[in-house]
Amino acid sequence: MASFTLTPVERGIMRCRHTGPFSHEQVQALAKFLEDYQGKLLVDLTGTTGDECARNIKQFRPMMPITAIFGTELDPSILDISESYYTHEVRYFETEAEALAWLRDQEE
Amino acid sequence: MNAQTAIDTFVKETGGWIASQLEACTRCGICAEACHFYQATGIPEYAPVWKIELLRRAYEQRFTMMGKVKLAMGFEKPITGEDLTTWSDLVYQACTVCNKCSMVCPMGIQLGPLIHDVRSGLAEAGVVPADLAEAVQKQVEEGSPLGVTDDVFEDRMEWVADEWEVDLPIDEAGAETLVVFSSIEIMKFPDNIAAIAEILNAAGEKWTLSSKGREVVNFGFYEGSHERTKLFLGRVLDAARELGVKKIVVTECGHAYDALRWTAANIMDVPDVEIMHISGLIGEYVGRGRIKLQQGAFENGTLTFHDACKIQRRGGHINEPRQVLNILAPTSFKEMTPNREASICCGGGGGVIAIKEADDLRYETFKLKLEQIEAVGADTVVMTCSNCRLQFLDSFKHYESKIKVMGLSEMVAEALVE
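Throughout, residues of each chain are indexed from 1 in the direction in which the sequence is written. Naming scheme: in the order in which they are written, chains are lettered from A and ligands are numbered from 1. Residues qualify for local features only when their pLDDT is at least 70, as the model is predicted, and side-chain atom pairs are given and counted only at 80 or more; totals for whole chains, interfaces and linings, by contrast, use all residues. With hydrogens and water excluded, all non-hydrogen atoms of the structure serve as input to the side-chain values.

Chemist: Go over the overall build of chain B, please, and point to the residues and values.
Modeler: For the purposes of this entry, the term helix denotes a DSSP run of H or I that reaches at least four residues, the term strand denotes a run of E that reaches at least two, and both are numbered from the N terminus. In terms of helices and strands, chain B carries 23 helices and nine strands. Taking 2.2 N^0.38 as the reference for a compact globule, 418 residues should give roughly 22 Å; the C-alpha atoms of chain B span a radius of gyration of 22 Å, in line with that estimate. The C-alpha extent of chain B, read off along each of the three principal axes, is 75 × 50 × 35 Å. Between buried and exposed lies partly exposed: a residue is buried under 20% and exposed over 50% of the maximum accessible area for its type, with that area taken using a 1.4 Å probe on protein chains only. Expressed as a percentage of the 418 residues in chain B, the buried residues total 62%. In this description the radius of gyration comes from C-alpha coordinates, and the expected globular size is given by 2.2 Å times residues to the power 0.38.

What follows is the structure in C-alpha cells.
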C-alpha cells in the first residue's frame, strides 16, 4: 500500500495525502519528490495520527516548500526550525479550508 | 561602521604579495569579460578590477608616493564609510569569489584572493550583509549557520541511517577517515548523505563522522573574517586530531573545501592529515577498482556536468567526474560550453545564495548557465557541490525549467555493482 499519494489541487499546489505507514523506499521517494517539486504543498494527514507521522514530518520539514498541513493533531513544535535562506514557511491548520486559503495567499 | 578599521585591515594585509599584484595591474579590463555578473548585466562596477579598488586605494595612499600626493592634492578620495557600503554590495552580492577572472588576467593577478581580502576589511569593519552576518553568528553560537545543532545532527543522522538503511558511524574509534558533510546536505539532501555512506562502505573505507566536527561549511570564510574562518576550521581539525584520522574527506561544499584544503594551512596549525574532496576520492576508488560501477546505468536522455569553481577549477577535480560519467552515461553525457576550468560559476557561491537582497542578481547571472545547459540539450545536470545544487534547484524553479539536478555521488551509489 502506498504511504502517500500526490494529486494536483490547482496550478502550483499539490496535495500530499498520507495514506499509510511509510516504508524506507517511500521515505526516499518522498525526499526525492520534495527536492524536485517546484510548487506549494498541501499536506493532508487525515489518514494518520500525529504520533505516527511526527518523526517523518519533523525530518522532512527542512526540505519542504511552502506547505500547509492539516488533518490530524500535530505537536506544532516539530515544525520549528532555525530559519534560513533555504527554508520555507510551513504551517499547521485545523481545517483544509484554512490551510488552502493560507496556501493560496503565499507568494513563492 | 568604521572606515579606519577597514583601511587598517587592508594595510595590515598588504605585504609584498598584495603590493606586487596591485602594481602589476594595467587596468586592461579583460577580467570584466570573465565575470558572470558583468557578463549578465553589463554593469561596469561589476568588473573584478573595480571590486578591489578599496584595497588599491588603501595601498597606494599608504605606501606609494604618488598615492600620497594624489590624496594630498585632492585627486583621490580617502576611503569613507559610504565607500564601504558600496563595496559591500559589490564584493558580497556581485561576486562569488569564483576566481575565473584570475584565469584570464594577462598579468596573472589573483583577483579572487584579493577580493577575499576586500571582504576581510569589510568584515573587520562590520559591513557584511545582514543575512550573511546572521548566518555567521549562528555558526559561532549554535555550531551551524543552518541550524545543524547537536540534537539536529544526531536526529538527522539516525533518520538517514534508518530510512536509507546505511551505516553512518559517528565518533568511531579507530577510523582512518573523517567525513564532514556540509550543513546544506544535512538539512536538504539526505539522499546525498546516504549515497556517500554507501560508496565509502562499498570501498571498505574505515570512516567516521564526528559529532564535534560535524559540518564543514565555513561562513567565516564567506564573510572574509580570518578569526571566524579559523574558529570554524578548528572545529573540524580538532575533531580530526581527537579521532586520530589520517584523512579528512570534504563532501559537497566547494568553499569549505577551499578553506580546509588551502586556507587552513596558511592561517593555523593543521594536523598531518590528507584533505580530499569526495569527487577525488570517488575517482580514486574507481581507478583502483575499489568500487565497480554498472556501465551505462544512466544511459538515457542527455546529461551534462556543471564544474564547480572551488572543486573543479580551484581543486583540480576536473577529470574524475568525467571519468565516472563516461562509465555511467557514455553516450548521454555531453559537455556544455564553456566547461572544465573555463566553466562559469552558477552564481550562488561565495555566500551569495544566503543574501536575500542579492536574489534578483543571482537569478540574472544563472540565466547564462541555463542558456549553456539548454544549448547542449541536457535534461539533467550533474554536479559535485550541494551549494551549486541548491542554486540550480532554486533557479530552475524561478525560470520554471524542468531540467533535473543530480548529485554525482547519488549516481555512483545507485550504479554500484556488488
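Chemist: I'd like a description of the pairing of strand β2 (residues 13-18) of chain A, backed by residues and values.
Modeler: Residues and elements named next belong to chain A. Of all the six residues making up β2, five are buried; the element is thus mostly covered by neighbouring parts of the structure. A pair of strands counts as paired when DSSP detects no fewer than two bridges linking them. In the sheet, strand β1 (residues 4-10) pairs with β2 via six bridges, with the strands oriented antiparallel. Of the residues in β2, the one forming a bridge with Thr5 is Arg17. Two successive antiparallel strands, β1 and β2, enclose a turn made up of two residues, where Gly12 displays a positive phi of approximately 90 degrees. As paired strands, β2 and strand β3 (residues 40-44) are joined by five bridges and run parallel to one another. Among the inter-strand pairings, Arg17 is bridged to a residue of β3, identified as Asp44. Viewed with both strands pointing away, a crossover whose connecting path from the first strand over the helix to the second turns clockwise is right-handed. Traced from β2 through helix α1 (residues 24-36) to β3, the parallel crossover comes out right-handed.

Chemist: An account of the sheet that holds strand β7 (residues 380-383) of chain B is requested, with residue identities and associated values reported.
Modeler: All names here are of chain B. Taken in spatial order, the three strands make up an open sheet running β6-β7-β8, and their pairing is parallel. In this open sheet, the two strands that pair with only one neighbour each are β6 (303-305) and β8 (404-407). Across the sheet, the mean angle from the axis of one strand to that of its neighbour is 30 degrees, orientation sign disregarded. Across four bridges, the pairing between β7 and β8 is parallel. Between the N-to-C directions of two axes lies an angle of 0 to 180 degrees, each axis being a line fitted to C-alpha atoms and, for a helix, fitted only over the stretch in contact.

Chemist: Let's hear about the packing of aromatic side chains: which residues, and what values?
Modeler: Classification of ring pairs uses Phe, Tyr and Trp, with its six-membered ring standing for Trp, and accepts pairs whose centres are within 6.5 Å; under 30 degrees between planes counts as stacked, over 60 as edge-to-face, and the remaining range as tilted. A complete count under the given rule lists 13 aromatic pairs over all chains for this structure. Aromatic side chains Tyr85 of chain A and Tyr86 of chain A sit 6.2 Å apart centroid to centroid with 85 degrees between the ring planes, which places their arrangement in the edge-to-face category. Judged by relative accessible area, which is 27%, Tyr85 of chain A ranks as partly exposed. On the accessibility criterion, Tyr86 of chain A (2% relative accessible area) is buried. Their ring planes at 70 degrees and their centres at 5.8 Å tell us that Phe392 of chain B and Phe396 of chain B sit as a pair that is edge-to-face. Linking Phe392 of chain B with Phe396 of chain B, this pair stays in helix α22 (residues 386-398), spanning four residues, or about one helical turn. Aromatic rings pair up to connect Phe60 of chain A together with Trp159 and Trp164 of chain B into one cluster. Criterion for a charge above a ring: Lys NZ or Arg CZ within 6 Å of the ring centre, and within 35 degrees of the ring normal. In this arrangement the basic side chain of Arg362 of chain B is found over the ring face of Tyr363 of chain B, its NZ or CZ atom lying 4.7 Å from the centre.

Chemist: I'd love a proper account of a nonpolar patch on the surface, names of residues and values included.
Modeler: A contiguous nonpolar patch, built from Met65, Val69, Met73 and Phe75 of chain B and spanning about 490 Å² of accessible area, is present on the exposed surface. As for its position among the elements, Val69 of chain B is in helix α7 (residues 65-73). Without a salt bridge and with relative accessible area above 30%, a residue can belong to a patch; like charges are then joined within 9 Å and nonpolar side chains (Val, Leu, Ile, Met, Phe, Trp, Tyr) within 5 Å. Note on areas: Shrake-Rupley, 1.4 Å probe, and residue coverage restricted to the protein chains presented here. The salt bridge criterion pairs a side-chain nitrogen of Lys or Arg with a carboxyl oxygen of Asp or Glu, the two atoms within 4 Å.

Chemist: So, the interface of chain A and chain B: which residues are in play, and what are the values?
Modeler: Residue-level contacts link 26 residues of chain A with 34 residues of chain B. At the boundary of chain A with chain B, total buried surface from both sides reaches about 2600 Å², with 46% on carbon and sulfur atoms. Defined here as a combined quantity, buried area equals the accessible surface (1.4 Å probe) lost by two parts on assembly, summed across both. Together, Glu35, Gln38 and Tyr85 of chain A form the three largest contributors to the area buried by chain A at its contact with chain B, with a combined 28%. Counting every contact that joins chain A to chain B gives five salt bridges. Between Arg11 of chain A and Glu400 of chain B there is a salt bridge whose closest N-O contact spans 3.9 Å. In protein, a polar contact means a hydrogen-donor-capable atom and an acceptor-capable atom, both N or O and within 3.5 Å, with residues adjacent in sequence counting only if both atoms are side-chain atoms; elsewhere, any N or O pair within 3.5 Å suffices. Seen at the junction of chain A and chain B, the total is 13 residue pairs in polar contact (both at pLDDT 80 or more). Elements represented by at least two residues in the side of chain A that touches chain B include exactly α1 and α2 (50-60) of chain A. Gly is placed with the polar residues, together with every amino acid not listed as nonpolar (Ala, Val, Leu, Ile, Met, Phe, Trp, Tyr, Cys and Pro) or charged (Asp, Glu, Lys and Arg). Grouping the amino acids of the side of chain A that touches chain B by side-chain chemistry returns eight nonpolar, nine polar and nine charged. We call two residues in contact when some of their heavy atoms are within 4.5 Å.

Chemist: Go over the environment of Leu168 of chain B, please, and point to the residues and values.
Modeler: Within the fold, Leu168 of chain B resides in the loop between α12 (150-163) and β1 (177-180). For the pair formed by Leu168 of chain B and Trp207 of chain B, sequence separation is 39 residues and the distance between their alpha carbons is 8.9 Å.

Chemist: Hey, could you go over the packing of helix α16 (residues 226-243) of chain B against helix α17 (residues 254-267) of chain B for me, with residue numbers and the actual values?
Modeler: All names here are of chain B. The geometry of α16 relative to α17 is characterised by a closest axis approach of 10 Å and an angle of 115 degrees between their N-to-C directions. With respect to their mutual orientation, α16 and α17 come out roughly perpendicular. As for the relative orientation of α16 and α17, their crossing is left-handed in sense. Contacts between α16 and α17 involve His226, Thr229, Lys230, Leu233, Val236 and Leu237 from the former and Ala259, Leu260, Ala264 and Ile267 from the latter. Grouping the amino acids of the contact of α16 with α17 by side-chain chemistry returns seven nonpolar, two polar and one charged. An angle counts as roughly parallel when it lies under 35 degrees, as roughly antiparallel when it exceeds 145, as roughly perpendicular when it falls between 65 and 115, and as oblique in every other case. The hand of a helix crossing depends on one turn: near helix anticlockwise from the far one by less than a right angle means left-handed, and clockwise means right-handed.

Chemist: Describe in detail the side chain of Asn218 of chain B, supporting the description with residues and values.
Modeler: All names here are of chain B. Tracing the chain through its elements places Asn218 in the loop between β2 (207-208) and α15 (219-223). Owing to a relative accessible area of 3%, Asn218 belongs among the buried residues under this scheme. If sequence neighbours within four positions are ignored, Asn218 has contacts with Gln139, Arg228, Thr229, Phe232, Leu233 and Ala259.

Chemist: How would you summarise the pattern of salt bridges if you had to cite specific residues and measurements?
Modeler: Residues and elements named next belong to chain A. Across all of its chains, the model carries 35 salt bridges over all chains by this definition. Between Asp44 and Arg17 there is a salt bridge, with the nearest N and O atoms lying 3.4 Å from each other. One end of the pair, Asp44, is in strand β3; the other, Arg17, is in strand β2, with 27 residues separating them in the sequence. The class for Arg17 is partly exposed, based on a relative accessible area of 33%.

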